[in-house]
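Here's the letter readout for the chains.
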Amino acid sequence: ATILAASMFSAASAADLTVGFSQIGSESGWRAAETTLTKQQAEERGIDLKFADAQQKQENQIKALRSFIAQGVDAILMAPVVATGWDEVLQEAKDADIPVILLDRKVDASDDLYLTAVTSDTVHEGKVAGQWLVDTVAGKPCNVVELQGTTGSSPAIDRKKGFEEAIAGHDNLKIVRSQTGDFTRTKGKEVMESFLKAEDGGKNICALYAHNDDMAVGAIQAIKEAGLKPGKDILVVSIDSVPDIFQAMAAGEANATVELTPNMAGPAFDALEAYRKDGKVPPKWIQTESKLYTQADDPMKVYEAKKGLGY
Ligand code: GYE
């Protein structure tokens with residue numbers, strides 16, 4: 001009711017809160033859903049959201065943050081494309097008394113420079129994927145190829161680390177190739193094609209670990225075009241749980257995925273509202289859940305349930 005009354009006077013005062021959102025871009029289905037849900041969450045709460053798409057460039061994110069600061073927004077959400085290089089602009093936001101909440105990726109900066117970070121445990125995700133593979137191959141020799149996420153991004157660093165930790169000590173498992181596929185389908189397909197070529201048309205590859213589902217979906221296409229069966233000749237494990245990977249799982253072409261909620265904005269806005277209203281300081285890390293799905297989990301049902309939830 002307050003919002004309606006205020007909007008009769010001026011559009012600018014229609015919202016209690018104005019929040020700037022610096023989004024990385026739209027490299028994956030997961031991120032597109034995160035954008036959709038952030039806009040939805042803002043609208044439901046009467047928050048005026050200023051959206052800036054950085055097209056994968058850190059310099060664009062820094063510009064967006066400076067522009068939000070100049071406009072005097074009440075708070076900033078940022079999904080940081082890479083982990084390093086944020087100290088200066090975060091200090092500027094702090095000096096202007098504008099709280100910054102990190103979404104889905106972390107930064108290498110002192111934690112007094114931001115209010116909180118809403119992310120999953122990305123090391124744990126890599127471990128879950130790795131453990132699934134350890135259990136599935138059950139001691140058999142297995143050459144693994146890895147498609148990494150965006151170079152220098154916290155999930156790419158962490159998902160690599162977690163996976164390596166899980167397979168450490170299991171000498172039957174060996175990562176034979178590892179390269180970035182930038183979290184995109186196109187690059188995932190392209191890099192997988194080069195892996196296949198380099199590894200005897202794929203005959204030397206037993207499993208693919210992709211840091212996100214989109215790269216896995218691209219790679220699945222490459223595996224099929226090489227005349228092999230993804231999910232059988234080459235096991236496929238990835239992270240995100242976007243609807244398309246469940247279709248692939250239902251078709252037997254992907255094996256496992258670790259779920260990442262695209263609704264990071266919900267907990268972020270909850271924390272922000274509590275902070276503004278009651279001065280409640282949130283913990284520095286608000287962790288979202290990670291759950292493993294396999295072909296045994298009725299993939300078509302999950303697919304149907306996911307569609308519409310931002311996807
Ligand atoms: O897994 C991937 C995306 O930052 C954790 O970024 C996120 C990752 C997500 O593009 O699909």
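Not measured: the values here are computed from a predicted model.

A. Region of the structure containing the overall build of the protein. The number of helices and strands found in the protein is 11 helices and 12 strands. Here the C-alpha radius of gyration of the protein, 21 Å, is about what a compact globule of 311 residues would show, namely 19 Å. Relative to its 311 residues, the protein shows a buried fraction of 48%. In the protein, 75% of the contacts between residues at least 6 apart in sequence involve partners at least 24 apart.

B. Representation of the UniProt feature "domain: Periplasmic binding protein" (unreviewed entry) in the protein within the structure. Mapped onto this structure's residue numbering, the UniProt feature "domain: Periplasmic binding protein" (unreviewed entry) falls at residues 20-264. Taken end to end, residues 20-264 is 42% helix and 22% strand, and its first and last C-alpha atoms sit 15 Å apart.

C. Representation of the sheet that holds strand S8 (residues 207-210) within the structure. Across the sheet, six strands lie side by side as S7-S6-S8-S9-S10-S12; this open sheet has mixed pairing. In this open sheet, the two strands that pair with only one neighbour each are strand S7 (173-180) and strand S12 (292-294). Each strand axis lies, on average, 20° off the axis of its neighbour in the sheet, ignoring direction. Two strands pair when backbone bridges link them, and S8 and strand S9 (residues 235-240) are joined in this way by three bridges, in the parallel orientation. From the neighbouring strand, Ala207 faces S9, where its bridge partner is Leu235. The strands that helix H8 (residues 213-225) touches are strand S6 (142-148), S8, S9 and strand S10 (256-259); relative to S9, the one it contacts most, it runs at about 150°.

D. Inspection of the site of the ligand at higher detail. As a structural note, the neighbourhood of the ligand is formed by Glu27, Ser28, Trp30, Arg31, Asp104, Arg105, Pro155, Phe183, Asn212, Ile239, Asp240 and Leu260. Elements with a minimum of two residues in the shell around the ligand: helix H2 (29-44) and S9. When the residues that make up the shell around the ligand are grouped by side-chain class, the tally is five nonpolar, two polar and five charged.

E. The arrangement of the packing of H2 against helix H10 (residues 265-278) in detail. Two elements in contact, H2 and H10, have axes whose closest approach is 9 Å; the angle formed by their N-to-C orientations is 35°. Seen along the crossing, H2 lies across H10 with a hand that is right-handed. Listed contacts from H10 to Leu37, Thr38 and Gln41 of H2 are Ala265, Gly266 and Phe269. Split into classes, the residues belonging to the contact of H2 with H10 amount to three nonpolar, three polar and no charged.

F. Examining the pairing of S9 more closely. Summarising burial for S9: six of the six residues are buried, a large majority. Covered by surrounding structure in S9 are Leu235, Val237 and Ile239 together with Val236, Ser238 and Asp240, the residues of both alternating faces. Taken together, S8, H8 and S9 form a β-α-β motif whose crossover is right-handed. Sheet analysis places S9 next to S10, joined by four bridges and oriented parallel. When the sheet's bridge partners are listed, Asp240 is paired in S10 with Glu259. Taken together, S9, helix H9 (residues 243-250) and S10 constitute a β-α-β crossover, and its handedness is right-handed.

G. Geometry of helix H6 (residues 154-167). Its 14 residues place the ends of H6 20 Å apart at the C-alpha level, agreeing with the 20 Å of an ideal helix rising 1.5 Å per residue. Within H6, 11 of the 14 residues are buried, leaving the element largely enclosed by the surrounding structure. All of the buried residues in H6 are Ser154, Pro155, Ala156, Ile157, Asp158, Arg159, Lys160, Gly162, Phe163, Ala166 and Ile167. Where H6 is buried, its residues contact helix H5 (122-137), S6, S7, S8 and S9. Of the residues trailing H6, Gly169 is marked for its positive phi of about 90°.

H. Summary view of the environment of Pro283. Here Pro283 is to be found in the loop between H10 and strand S11 (285-288). The exposure class assigned to Pro283 is exposed, which follows from the 9 C-beta atoms found within 10 Å. As a C-alpha pair, Pro283 and Val302 span 19 residues in sequence and 32 Å in three-dimensional space.

I. Local environment of the sheet that holds strand S4 (residues 100-103). Judged by pairing direction, the sheet is parallel, and its six strands sit side by side in the order S2-S1-S3-S4-S5-S11 without closing on themselves. Of all the strands in the sheet, just strand S2 (47-53) and S11 have a single pairing partner and so form its edges. Shown here is a sheet whose adjacent strand axes are inclined to one another by a mean of 20°, direction ignored. As judged from the three bridges shared by S4 and strand S5 (residues 116-120), these two strands associate in the parallel manner. Its bridge partner being in S5, Leu102 is matched across the sheet by Ala117. The sheet strands contacting H10 are S2, strand S3 (75-78), S4, S5 and S11, and the helix crosses S4 at an angle near 160°.

Procedures and definitions
Residues numbered from 1 in each chain as written. Predicted model: local features only at pLDDT ≥ 70, side-chain atom pairs only at ≥ 80, totals over all residues. Helix = DSSP H or I, 4+ residues; strand = E, 2+ residues; numbered from the N terminus. Rg over C-alpha atoms; globule rule 2.2 N^0.38 Å. Buried ≥ 20, exposed ≤ 12 C-beta atoms within 10 Å, placed from the backbone. Contact = placed C-beta atoms within 7 Å. UniProt positions renumbered as here; feature names shortened; annotations may be inferred. Pairing = 2+ DSSP bridges. Axes fitted to C-alpha atoms, helices over the stretch in contact; angles between N-to-C directions. Near = placed C-beta within 6 Å. Nonpolar A, V, L, I, M, F, W, Y, C, P; charged D, E, K, R; others polar. Left-handed = near helix turned anticlockwise from the far one by under 90°. Right-handed = clockwise from strand over helix to strand, strands pointing away. Expected span 1.5 Å × (residues − 1).

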